[in-house]
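Geometric and topological summary
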Amino acid sequence: MERTIKVTGKAKIAAKPDMIRLSIDLKGSRESYEDALQQSTQHVEALAGCFESLGFERTDLKTVSFQVSTKYESYQDKLRNWKKKFAGYEFQHSLKIEFDKSNQMLGKMLYALAHSSVEPEFRIYYTVKDAECVKELLLAKAVEDAKAKAEVLAKAAGVALGEVVSIDYFWEEIEIVSKPMNLRSLGAKCMEADDGGAYEVDMEPDDINVSDHVTMYWSIL
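The shown structure was predicted, so the numbers you read here are calculated from the model rather than taken from an experiment.

Focus on the layout of surface pockets
One number sums up the size of the largest pocket: a volume of about 370 Å³. Around the largest pocket sit 19 residues that line it, and Arg 21, Lys 96, Glu 98, Thr 127 and Val 177 are the ones nearest its centre. Sorting the residues of the lining of the largest pocket by element identifies β2 (19-30), β4 (82-100), β5 (121-127) and α3 (131-157) as the ones contributing at least two each. Ranked by residues supplied to the lining of the largest pocket, first place goes to β4 with four residues. If you add up the space inside the second largest pocket, you get close to 160 Å³.

Next up, the structure:
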């Protein structure tokens, strides 16, 4: 039976954010399914127009999820029994728009959102443009850590480290984001605005700490 050694390597990286993501939620309700769809479309068009006036393309506003569901209301009948009745259709449209990290542009975006006729809910996220590069570096460091540990263990045990027999790695999505603040549609209106249709934003996000691990098996001689 082949003798092996099992080691888990770990890595942690502090990634410097260079991009801002605004996550936007549009919600509404109408009596008919068609009217709910139409209202959602009108709200998205209004938002796209706001961002277009700031220099974005309309296609920069991306849909993350969209759903229309039935709405019911509770009521009591004459016998005071609680029942539900159909009350129309609700839509929820989640979108995002990303741009280079800039407090000046963020101030303009928040001002546009706060003064939009559709009054969306929105959240600010900081992230990185080249997420794949960060993930690859993270994984490489985890492998290096596993190898270094295996060499120390082999030397301490008086054996020689052979070839890699197998590698166990759970491929999962690593989210490289930080969330410095959450804002609802009216919350940003409390911020101080300048004369150019923008809020004065002074935020510098912390580095984003991400971690990963990999388990490796070596033969020992």
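Some thoughts on the nonpolar core
If you look at the biggest cluster of nonpolar residues, it comprises 27 residues, and the most contacted ones within it are Phe 51, Leu 61 and Leu 106. Of all the secondary structure elements, the ones that give two or more residues to this core are β2, α1 (33-52), β4, α2 (103-114) and β5. Not counting the four nearest positions on each side in its chain, Leu 61 is found in contact with Ile 24, Val 44, Leu 47, Ala 48, Phe 51, Leu 95, Lys 96 and Ile 97. Ala 11, Ile 176, Val 214 and Trp 218 belong to the second-largest nonpolar core, a separate cluster that totals 20 residues.

Describing the packing of aromatic side chains
One pass over the structure, following the stated rule, counts six aromatic pairs. Aromatic pair Phe 51 and Phe 56: ring centres 6.4 Å apart, planes at 70 degrees, arrangement edge-to-face. The same class applies to Phe 51 as to Phe 56, namely buried. Cluster of aromatic residues (ring-pair linked, three or more members): Tyr 33, Tyr 72, Phe 86 and Tyr 89. Lys 85 extends its terminal NZ or CZ atom over the ring of Tyr 75, reaching a point 5.7 Å from the ring centre.

Quick notes on the pairing of β4
In summary, the side chains of a regular strand alternate between the two faces of the sheet. Taken together, the twelve bridges between β2 and β4 define a ladder with antiparallel strand orientation. Looking at the pairing, Ile 24 lines up with Leu 95 of β4. For strand β3 (residues 62-76) and β4, the ladder comprises 14 bridges, and the chain directions are antiparallel. By the bridge assignment, Tyr 75 is partnered in β4 with Lys 83. Connecting the antiparallel pair β3 and β4 is a turn made up of five residues, with Arg 80 showing a positive phi of about 65 degrees.

Notes on the side chain of His 93
Inspection of the secondary structure assignment puts His 93 in strand β4. For His 93, a relative accessible area of 9% corresponds to the buried category. Reaching out from His 93, the side chain makes a polar contact with the side chain of Ser 40 at a distance of 3.1 Å. Once residues lying within four places of it in the same chain are set aside, the contact partners of His 93 are Ile 24, Asp 25, Leu 26, Ser 40, Val 44, Thr 63, Ser 65 and Phe 66.

Quick word on α1
With 20 residues, α1 extends 29 Å from end C-alpha to end C-alpha; this agrees with the ideal 28 Å at 1.5 Å per step. Turning to α1, its buried residues number three or more, namely Ala 36, Gln 39, Ser 40, His 43, Val 44, Leu 47, Ala 48 and Phe 51. Contacts made by the buried residues of α1 are with β2, β3, β4 and α2.

Conventions we followed
Residues numbered from 1 in each chain as written. Predicted model: local features only at pLDDT ≥ 70, side-chain atom pairs only at ≥ 80, totals over all residues. Heavy atoms only, no water. 1 Å grid on protein atoms, 1.4 Å probe; cavity = no way out; pocket = protein on both sides within 12 Å on 5 of 7 lines; lining within 4 Å. Points joined across faces, edges and corners; volume = space filled by probe spheres on them. Helix = DSSP H or I, 4+ residues; strand = E, 2+ residues; numbered from the N terminus. Core = buried A, V, L, I, M, F, W, Y, C linked by side-chain atoms within 4.5 Å. Buried < 20%, exposed > 50% of the residue type's maximum accessible area, 1.4 Å probe, protein only. Contact = heavy atoms within 4.5 Å. Phe/Tyr/Trp six-rings, centres within 6.5 Å; stacked < 30°, edge-to-face > 60°. Lys NZ or Arg CZ within 6 Å of the ring centre and 35° of its normal. Pairing = 2+ DSSP bridges. Polar contact = N/O pair within 3.5 Å; in protein donor to acceptor, adjacent residues only side chain to side chain. Expected span 1.5 Å × (residues − 1).

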